[in-house]
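What follows is each chain in one-letter form.
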Amino acid sequence: MTAIYLGELCFPLPPETLTLSGEADHRRVALCDLGEITQLGSPKQLQLAFSGFFPAADSSLLPDGAVSPGEGASMLRRMLEEKKPVRFVAAGVTHPLSLQVTVESLRLWEEAGDVGSVHYALQLQEYRTASSAAAASSAASASRPETRREETRQTPSRYTVVKGDTLWGIARRFYGDGSRYTELARKNNLSNPNLIYPGQVLVL
């Protein structure tokens, strides 16, 4: 089952298309008597674009526990306005993604033939700092695998879901990493990570 997360927001329906694009900063240089050569450069930041809609509250398409159209639109507007990166995750797709992004563009609209639903179009850009780019370059060139530091966080054995919870948010709260929501889903035999409900007890 496809699951798309942006920060704390779990989209109730996966987008029809998800476009990932990237470029490399290669340069062409003309040398005397040798002609044109290529100087290989570093990859530029990835670009993501997708669109979809939040179904109306009375729609049969709306999964149990999913955000309402108004809540979804408000969460997207906050992410655009807060001037800080968020985590984007696409799970259950051929090429899973998990990366920090910034919201570059957001469009929200309603359509006459779909009363109560809110449609959206998003453009995201991979977020990098000088230190994160250096770390990624160092990790790529290292010959030995990275040793993961032992987790010292104390995690309770069970958690009761409350209104507004998402599996991504619960994983980030108790595991320190929202992308581990798939691990949480497996522990609790959840075939659809989007379907959790208030009062449900999850094994951590």
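Read on for a plain summary of the structure.

### Side note on the overall build of the protein chain
Of the regular secondary structure elements, the protein chain holds four helices and 11 strands. Relative to its 204 residues, the protein chain shows a buried fraction of 34%. Excluding contacts between residues fewer than 6 apart, the proportion of contacts in the protein chain whose partners are at least 24 apart in sequence is 61%. For the protein chain, the accessible area works out to roughly 13,000 Å², and carbon and sulfur atoms hold 49% of it.

### Some words on the nonpolar core
Core analysis: the biggest nonpolar cluster contains 24 residues, and Leu 6, Phe 11, Leu 76, Phe 88, Leu 122 and Leu 124 have the highest contact counts within it. Elements with a contribution of two residues or more to this core: β1 (3-6), β6 (47-54), α1 (69-81), β7 (86-91), β8 (97-109) and β9 (118-126). Here this core gets five residues from one element, more than from any other, and that element is β8. Setting aside residues up to four positions removed in sequence, Leu 76 forms contacts with Leu 6, Leu 9, Phe 11, Phe 54, Leu 106, Leu 108, Tyr 120 and Leu 122. Core analysis: the second largest hydrophobic core is formed by 20 residues, Ala 3, Tyr 5, Ala 171 and Ile 196 among them.

### Brief notes about α1
End to end, α1 covers 19 Å across 13 residues, agreeing with the expected 18 Å (1.5 Å per residue, within 8%). All buried positions along α1 are accounted for by Pro 69, Gly 72, Ala 73, Met 75, Leu 76 and Met 79. Projected down its long axis, α1 shows its buried positions confined to an angular sector of 160 degrees, all on one face. Tucked inside the fold, the buried residues of α1 contact β1, β2 (9-10), β6, β7, β8 and β9.

### Looking at the sheet that holds β7
The strands that make up a sheet are held in pairs by hydrogen bonds between backbone atoms, and each pair lies either parallel or antiparallel. The strand order β2-β1-β7-β8-β9-β6-β3 describes an open sheet built from seven strands, whose pairing is antiparallel. With partners counted over all chains shown, the strands left at the sheet margins are β2 and β3 (18-21), one partner each. Where β1 lies against β7, four bridges are found, and the strand directions are antiparallel. Note that in β7 the partner of Ala 3 across the bridge is Ala 91.

### A closer look at the pairing of β6
Of the two faces of β6, only one is covered, namely that formed by Leu 48, Phe 50, Gly 52 and Phe 54; the face formed by Gln 47, Ala 49, Ser 51 and Phe 53 stays uncovered. Judged from the four bridges that link them, β3 and β6 form a sheet pairing that is antiparallel. The partner of Leu 20 across the bridge, within β6, is Leu 48. Taken together, the eight bridges between β6 and β9 define a ladder with antiparallel strand orientation. Bridged to Ser 51 within β9 is Ala 121.

### Looking at the environment of Gly 70
As for its position among the elements, Gly 70 is in helix α1. In this structure the C-alpha to C-alpha distance between Gly 70 and Ala 57, which are 13 residues apart in sequence, comes to 9.5 Å.

### Some details on a nonpolar patch on the surface
Together, Leu 31, Leu 34 and Ile 37 make up an exposed nonpolar region whose accessible area comes to about 260 Å². Residue placement: Leu 34 occurs in the loop between β4 (27-31) and β5 (35-39).

### Some details on the environment of Lys 44
Within the secondary structure, Lys 44 sits in the loop between β5 and β6. On the basis of relative accessibility, which here comes to 39%, the residue Lys 44 falls in the partly exposed class. Distance from Lys 44 to Ala 24, taken between C-alpha atoms, is 5.4 Å for residues 20 residues apart in sequence. Contact partners of Lys 44, with chain neighbours within four places excluded, come to Glu 23, Ala 24, Asp 25, Glu 126 and Arg 128.

### Some details on the pattern of salt bridges
This model, assessed by the stated rule, comprises four salt bridges. Close ionic contact of Lys 44 with Glu 23 constitutes a salt bridge, the shortest N to O distance being 3.5 Å. Taken together, the positions of Lys 44 in the loop between β5 and β6 and Glu 23 in the loop between β3 and β4 put the pair 21 residues apart, joining distant regions of the chain. Given the relative accessible area of 54%, Glu 23 is considered exposed. Notably, a salt bridge pairs Glu 183 with Arg 180, separated by 3.0 Å at the nearest N-O pair.

Analysis parameters
Residues numbered from 1 in each chain as written. Predicted model: local features only at pLDDT ≥ 70, side-chain atom pairs only at ≥ 80, totals over all residues. Heavy atoms only, no water. Helix = DSSP H or I, 4+ residues; strand = E, 2+ residues; numbered from the N terminus. Buried < 20%, exposed > 50% of the residue type's maximum accessible area, 1.4 Å probe, protein only. Contact = heavy atoms within 4.5 Å. Areas by Shrake-Rupley, 256 points an atom, 1.4 Å probe, with all protein chains shown as cover. Core = buried A, V, L, I, M, F, W, Y, C linked by side-chain atoms within 4.5 Å. Expected span 1.5 Å × (residues − 1). Arc of directions from axis to C-beta. Pairing = 2+ DSSP bridges. Patch = residues over 30% accessible without salt bridge, like charges linked within 9 Å, V, L, I, M, F, W, Y side chains within 5 Å. Salt bridge = Lys/Arg side-chain N within 4 Å of Asp/Glu carboxyl O.

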